[in-house]
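# Observations on chain architecture
Each chain, written out:
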Amino acid sequence: MGKLGLLLLLLLLVSLFALKLNNRARRAKRYLPANGFRGVWLNYSDSVWNFFRAKSAIRDACFGFSGSLFTFSLLGQWVVLAMEKDHVRELCNAPEDVLSMEAAAEELLQLRHTVGPLFSDELYHIPVIRTKLNLNLEEIFPPLVDEIHAAFSDIINTQIGEADWASIKVLSTFSRIICRATNRILVGNHLCRNEEYCKLASGFTNDVLSIGPVLKFLVPKFLRPLVGMAYRSLFSHQKRMETLLKPLIKDRRRLRHDPASDIPNDMLSWLMEASPLNEEYSTESLSMRMLNVNFVALHTTTKTFTHAIYCLASQPQYISILRAEVEQQLDSGDTTTWTRDALGRCVKLDSFLKETLRLHGLGAIWMPRLAVSDFSFSDGTNIPPGYFVATAATAVHENDALYENSRDFNGLRFSSMRKGTFGRPETEKDWQYKMTSNSESYLAFGGGRHLCPGRFFASMEMKCLMAYLVLRYDLKTLKDGVRPPDEWFGPTSNPARNARVLFHRRKDFPSASMN
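Below or above, wherever it landed, is the structure these notes cover. Keep in mind that what you see is a predicted model, and the values were worked out from it rather than measured. (Residues numbered from 1 in each chain as written. Predicted model: local features only at pLDDT ≥ 70, side-chain atom pairs only at ≥ 80, totals over all residues. Heavy atoms only, no water.)

### Description of the overall build of the chain
To keep things clear, this is the line we draw: Strands are runs of DSSP state E lasting at least two residues, helices are runs of H or I lasting at least four, and both sets are numbered from the N terminus onward. Throughout this description, buried means an accessible area under 20% of the type-specific maximum (1.4 Å probe, protein chains only), exposed means over 50%, and partly exposed covers the range between. For this analysis, residues touch if any pair of their heavy atoms sits within 4.5 Å. Here the open area of atoms and residues is found with the Shrake-Rupley method and a 1.4 Å probe, where only the protein chains shown may cover a residue.
A tally of helices and strands in the chain yields 20 helices and 12 strands. Looking at the 515 residues of the chain, the share that counts as buried comes to 53%. Partitioning the contacts of the chain with sequence separation of at least 6, the portion at a separation of at least 24 is 74%. Accessible surface for the chain amounts to roughly 23500 Å². Of this, 56% is attributable to carbon and sulfur atoms.

Here is the structure:
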């Protein structure tokens, strides 16, 4: 084939691709809300531009189309965004077989290719989190606090050494601490301190979140199974987890057949109880469940707590406020006496973390759902199958009609709203101001049937971490009062990955090697 033939072939392929894009855009314009749509090709240019200014573009659209659903274009895709309370409520309450969260996650992260069908097809860990984990919060509280104490000693104190103030890279440091503390409750105190295990558990989430969008947006559909297979073979997450868990699973099986044995009260034991009988607690299935639980447990908690440290270090006036409250409720010199009830009375601590979640969530688009059949909102807006619907989370959380001075961080915003402060009994309405609450104006933990089942554990863990932190350390940013800026990638927000904060170990406090 000569040069002219190659040129004609190239022109033909480009023309076919352009025709396909044109048809996709015209179909979206025909079926989705007109708000947010411009010309067919202008929408494609908008979708690229929106990627680089997603937060501000969504905020502008929300207030430009106030009260209405609107279509937002992003990298050649279209998502219908909701901001008004009625629309958010309807999205949350839609049945899973109409607006599907699981289908949305699988499509956006390409889970069937990146992790394999076993990851998405078996979901028996979710009822375990809803029941066993939440029912055992009181029992798992002491080992959680114990591991936090040990992890701080091993990881933070070794970095500080004899220095007065030490510069610590926050995200990587607290990723290790939170992985250890969380997995103390998942697999026990031996494996949670295994460096290889912790690197696998933490790295799995980052790997999936990195490769999933690449497959979604850059790899043609017919190549995704092949690329996914190569990815799974290269990283071998499940095989590595099986190798690490196999001895522990074998020991647990032995304990389960011994009536006199004391079976550890942790996630692995609960999963073995819940496993379908025909799987006989297979190592393969349990390993995948453990990866899945780590996936949902570590990512959000690590990023949220990193954000909280940046807020605390840049506004150190909150340290003394939170410390005074914690000292009033918890024994500062003996963590073995800490109780979940006493921690629950630290309402300012709870408020500080809730405010962190409000202003520094995981992104401008939240709670995505994929329409798997036709869905109609009460205002008549119809969403046909194959399109995404989500909430404009940052626009909701930064709405002055809902929150006074909504873009300003006020760590005591929610504690000041609670009537049950300063010794007064709580009222029935106080729950809405707690960190674990949800509403159409507070979307951090989702809503409807997909309201985060692990939020009570996540809240308890982060409050334990913060209580321990403010009792034993002082913090400040490298440049006084300047918070490391959030890093945005499209509509996704992350705490600054390489930012450092100065830590000072309090000299007037009992040694952290002692309880």
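### Regarding the sheet that holds strand 8 (residues 388–392)
Each strand in a sheet pairs with another by means of backbone hydrogen bonds, the pair being arranged parallel or else antiparallel. Condition: Strand pairing requires that DSSP identify at least two bridges connecting the strands. Here an axis means a line fitted to C-alpha atoms, over the contact stretch when the element is a helix, while the angle between two N-to-C directions is reported on a 0 to 180 degree scale.
Taking strand neighbours across the sheet as the criterion, the five strands line up as 1-2-8-5-3 in an open arrangement whose pairing is mixed. At either end of the open sheet lies a strand with only one pairing partner, and these are strand 1 (70–74) and strand 3 (99–100). On top of the sheet, helix 5 (residues 101–109) reaches strand 3, strand 5 (365–371) and strand 8; it is set at about 100° to strand 5, its chief contact.

### Topic: the packing of aromatic side chains
Filter applied, for reference: Each aromatic pair joins two rings of Phe, Tyr and Trp (for Trp, the six-membered one) with centres within 6.5 Å, and gets the label stacked for planes under 30 degrees apart, edge-to-face for over 60, and tilted for any other angle. Charge over a ring is defined by NZ of Lys or CZ of Arg lying within 6 Å of the ring centre and within 35 degrees of the ring normal.
In the structure shown here, the tally under the stated rule is 17 aromatic pairs. Pairing Phe51 with Phe489 gives two aromatic rings, centres 5.0 Å apart and planes at 85°, and the pair type is edge-to-face. Remark: Phe489 occurs in strand 10 (residues 487–489) and Phe51 occurs in helix 2 (residues 40–52); sequence separation between them is 438 residues. Accessibility expressed as a relative area gives 14% for Phe51, which makes it buried. Since its relative accessible area comes to 56%, Phe489 is described here as exposed. Summarising the aromatic geometry, the rings of Phe152 and Tyr473 are spaced 5.8 Å apart at their centres and angled 25° between planes, so their arrangement reads as stacked. With Phe152 in helix 9 (residues 137–160) and Tyr473 in strand 9 (residues 473–477), the pair connects residues that are 321 residues apart, well separated along the chain. Three or more aromatic residues joined by ring pairs form one cluster here, namely Phe152, Phe174, Phe305, Tyr468, Tyr473 and Phe503. The positively charged end of Lys354 is found above the aromatic ring belonging to Phe414, 5.0 Å away from the centroid.

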